[in-house]
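# Secondary and tertiary structure notes
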Amino acid sequence: MRTLNMAAALSCAILFSVIGAKASNAATIDSYTGGWYQNNGTTFGISNNIYVGWNPNTGSAYNNWLGFNLAGVAGQNITSATLTFYGSNGAYSGTDPSETLGLFAYNGSINALNNQNGVGIYNDLGTGASYGQATVSKGPLTQFSITLSAQALADMMAAANNPTDQRFVIGGSLLTMAPTHDSDNWWTDGALFSNSTLQHAAFLNLETVAAVPEPSTWAMMILGFAGVGFMAYRRRNQTAVSSI
């Protein structure tokens, strides 16, 4: 009887752990780094500024990037995510009433972003798989969010479960920027995310659930219940025999 109870307790414990693992969790992750690249391949290294678009004063186009450390959600399935940009003293200052900011996958070296110039990096930040987009109106820049795509969720889970590097990068490019010098420009004057009250450029809001249990977990649970059933069957037979 004691063995039967122990087996039942073990099986129930495994079952409840599987059920409990499916509970939804929320996580907020601030960007830990970021920066931007000009279309000639130059960069000024790490910066909390979001500088993206066309600058009529210099004749340069810019793509930006944000870096996140996803180690805190390792072993989780990410079911939804939004990227929120902090608002402050920046602005979209172009001639059009609004512009569309697009988010993209970055496929290159994350280490290279910090200290390596290159036109290839600039292009990579604006040509990868689409992660989402948002329309930004002319005037002071306020906080706004972008719902991330299914591709972004898959790439984030891959990064979070990378055994050696859980960093994840999102590139940004102005989708409505004309290829000519027409003053289309969404930028921050170098102060949006670098002042004393805002230490980060943006943050991720993630909804997660634990990953599907490993096959070995299911096997243990099935064996546990099979053992309980067998022992109950055997006990009934022993009881029937002793009563004859």
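Before reading further, recall that the structure is shown in the block above.
Presented here is an overview of the structure given in this document. None of these values were measured; they are calculated from a predicted model.

Attention shifts here to the pattern of salt bridges. Across all of its chains, the model carries one salt bridge by this definition. With a closest N to O distance of 2.8 Å, Arg167 and Asp165 form a salt bridge. Overall, Arg167 belongs to the partly exposed group, its relative accessible area being 21%. A relative accessible area of 25% means that Asp165 is categorised as partly exposed.

Time to look at the side chain of Thr84. Its place among the elements puts Thr84 in strand β5 (residues 76–85). What makes Thr84 buried here is its relative accessible area of 3%. Separated by 2.5 Å, the side chains of Thr84 and Ser145 make a polar contact. Discounting residues that sit within four places of it in the chain, Thr84 has contacts with Gln143, Phe144, Ser145, Ala202 and Phe203.

Okay, helix α4 (residues 150–160) next. Taken as a whole, α4 has its buried residues at Ala152, Leu153, Met156, Ala159 and Ala160. What you see down the axis of α4 is that its buried residues fit within an arc of 125°, all on one side. Those residues of α4 that are exposed and angled more than 90 degrees off the buried face are Ala150 and Ala158. On the buried face of α4, the contacting elements are β5, β8 (130–137), β11 (167–174) and β13 (202–210).

Calculation criteria
- Residues numbered from 1 in each chain as written.
- Predicted model: local features only at pLDDT ≥ 70, side-chain atom pairs only at ≥ 80, totals over all residues.
- Heavy atoms only, no water.
- Salt bridge = Lys/Arg side-chain N within 4 Å of Asp/Glu carboxyl O.
- Buried < 20%, exposed > 50% of the residue type's maximum accessible area, 1.4 Å probe, protein only.
- Helix = DSSP H or I, 4+ residues; strand = E, 2+ residues; numbered from the N terminus.
- Polar contact = N/O pair within 3.5 Å; in protein donor to acceptor, adjacent residues only side chain to side chain.
- Contact = heavy atoms within 4.5 Å.
- Arc of directions from axis to C-beta.

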